[in-house]
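# A closer look at the structure
Residues per chain are reported as follows:
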Amino acid sequence: MTEGVAEARAEARVYLGTYTTWPGGGPGLGLAVYDAATGRLRSTGVVKGVPNPSFVITAGRRVYAVNEQSKGTVTALAVGADGVPKVVNTQSTGGADPCHLVLHRGHVLAANYSSGSVSVHPVRPDGGLGPRTDLARHEGSGPDPDRQEGPHAHQVLADPAGEFLLAVDLGADAVFSYRLDDEGKLTRVAAARLHPGAGPRHLAFHPSGRFAYIANELDSTVVVASYAGGVLTPVGKLDTLPAGAPTKPRNYPAEVVVSADGRFAYLSNRGHDSVAVFAVEQGGGSLRLLEATPVGGEFPRHIALDPTGRLLFAANQNSNTVTTFGVDRVTGRLKLTSTFPSPIPVCVAL
């Protein structure tokens, strides 16, 4: 077998997050592999006993999943010599319905949606999680009475330099910035306020670290913000749908990702059921909508680019499918290549 053929047949691991307590949901954390050349997915099993793993991250042979429940927890897993992840332990987040997490400076932090807070857990030498060291509570509300009656932390992530942490809060129309010390304590640095009713859900940084793009769930916009020293400053806003797109069903942007070369950004549109493709211009300072590619499923929640940037995966929550797209590295445009059945997929972790 030639080296080129061997590479073409290589497979890479992927974890599929779902809801285990919803009708039709999965029995735990889904396991799969994908063909590195074609992106075609193949199921390899499931890790049972991981409730509602709606968001998952990986770090080498360690895996961390939120457990989105009213009494929120986070589960740590380790991949054994047999290639199968096994649960190491679970810790309480001290909040309700954790929906996102990040590994930062030896700690795992989780965003608790319903209680509007961010929890901190130290990582033990075995990859397990120690007891919570901090719980930062947000404050604020917005004009949407159904979704913004109080704070709702929806994402926590580190900036590209690894110096600050940012927590995106849908209910408060804000992004809060923090420093994390060695003892696992958070100190508030700044709060970026978005336009009322935006409902910021997730953000992604440009590789330069000087700009970020904020996906707003409640008004179907994306905000471009400059960034320096832990402070975001909104500088522009545009729709996530083409002009003339239907207004019903209502559209709810979810995930936003940026290509490694910083030339394109992608955003999932739930309702319109598309992936918006943006050209990144002015060194990262502006976006231009190129197209909204049909996702080939319903209600695309999470999208992820593979490390090569040649594949994009979309977790289509309401059609029980994960769709794979080939990415044109020159134009940024997407082409649907395969569809994979999965129970209520809401996260694709590579």
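Every value quoted in this text rests on a predicted model; they were computed, and no experiment measured them.

A separate point is the environment of Ala32. Its location among the elements puts Ala32 in strand 2 (residues 28-35). Considering only alpha carbons, one finds Ala32 and Glu11, 21 residues apart in sequence, at a separation of 9.7 Å. Ignoring any residue separated from it by four or fewer positions in sequence, one finds Ala32 in contact with Ala12, Arg13, Val14, Leu16, Leu41, Arg42, Ser43 and Thr44.

Attention now goes to the packing of aromatic side chains. Per the counting criterion, the structure on display carries 3 aromatic pairs. Considering the side-chain rings of Phe205 and Tyr227, the 5.0 Å spacing of their centres and the 70° angle between planes classify their relative orientation as edge-to-face. Taken together, the residues Phe205 in strand 16 (residues 200-205) and Tyr227 in strand 18 (residues 221-228) connect sequence positions 22 residues apart. The same class applies to Phe205 and to Tyr227, which are both buried.

Here we take up the nonpolar core. In terms of nonpolar packing, the biggest core is built from 22 residues, with Tyr15, Leu29, Val56, Val63, Tyr64 and Leu101 touching the most fellow members. Not counting residues up to four positions away in its chain, the partners in contact with Leu101 are Phe55, Val56, Ile57, Tyr64, Ala65, Val66, Val74, Val108, Leu109, Ala110 and Val156.

Looking now at the sheet that holds strand 9 (residues 107-112). Hydrogen bonds along the backbone pair up the strands of a sheet, which may run parallel or antiparallel. Pairing in this open sheet of 4 strands is antiparallel, and the strands run 8-9-10-11 from one edge to the other. A strand with exactly one partner marks an edge of an open sheet, and here the two such strands are strand 8 (98-104) and strand 11 (134-137). Along the sheet, successive strands turn relative to each other by an average axial angle of 20°, direction set aside. By the bridge criterion, 6 bridges tie strand 8 to strand 9 in an arrangement that is antiparallel. Counted as the bridge partner of Leu103 is Val108 from strand 9.

Conventions adopted
Think of each chain on its own: its residues are numbered from 1, step by step along the sequence as written. Per-residue local features of the predicted model are confined to residues with pLDDT of at least 70, and side-chain atom pairs are confined, for both listing and counting, to 80 or more; whole-chain, interface and lining totals are unaffected and use all residues. Based on all heavy atoms of the structure, the side-chain values leave hydrogens and waters out of the count. Put simply, DSSP marks the helices as runs of H or I at least four residues long and the strands as runs of E at least two long, and each gets a number from the N terminus on. Working rule for contacts: check all heavy atoms of both residues, and any pair within 4.5 Å makes them a contact. Any two rings among Phe, Tyr and Trp, with Trp reduced to its six-membered ring, count as a pair given centres within 6.5 Å; such a pair is stacked if its planes are under 30 degrees apart, edge-to-face if over 60, and tilted if neither. Only protein chains enter the accessibility calculation, which uses a 1.4 Å probe; a residue whose area is less than 20% of its type maximum is buried, one above 50% is exposed, and one in between is partly exposed. Nonpolar cores were defined as sets of buried Ala, Val, Leu, Ile, Met, Phe, Trp, Tyr and Cys residues, with membership established by side-chain atoms within 4.5 Å. DSSP bridges decide pairing: two strands pair if at least two such bridges lie between them. To obtain an axis, a line is fitted to C-alpha atoms, over the contacting stretch when the element is a helix, and the angle between two such axes runs from 0 to 180 degrees between their N-to-C directions.

Everything listed here is a matter of coordinates, which is why it stays silent on function.
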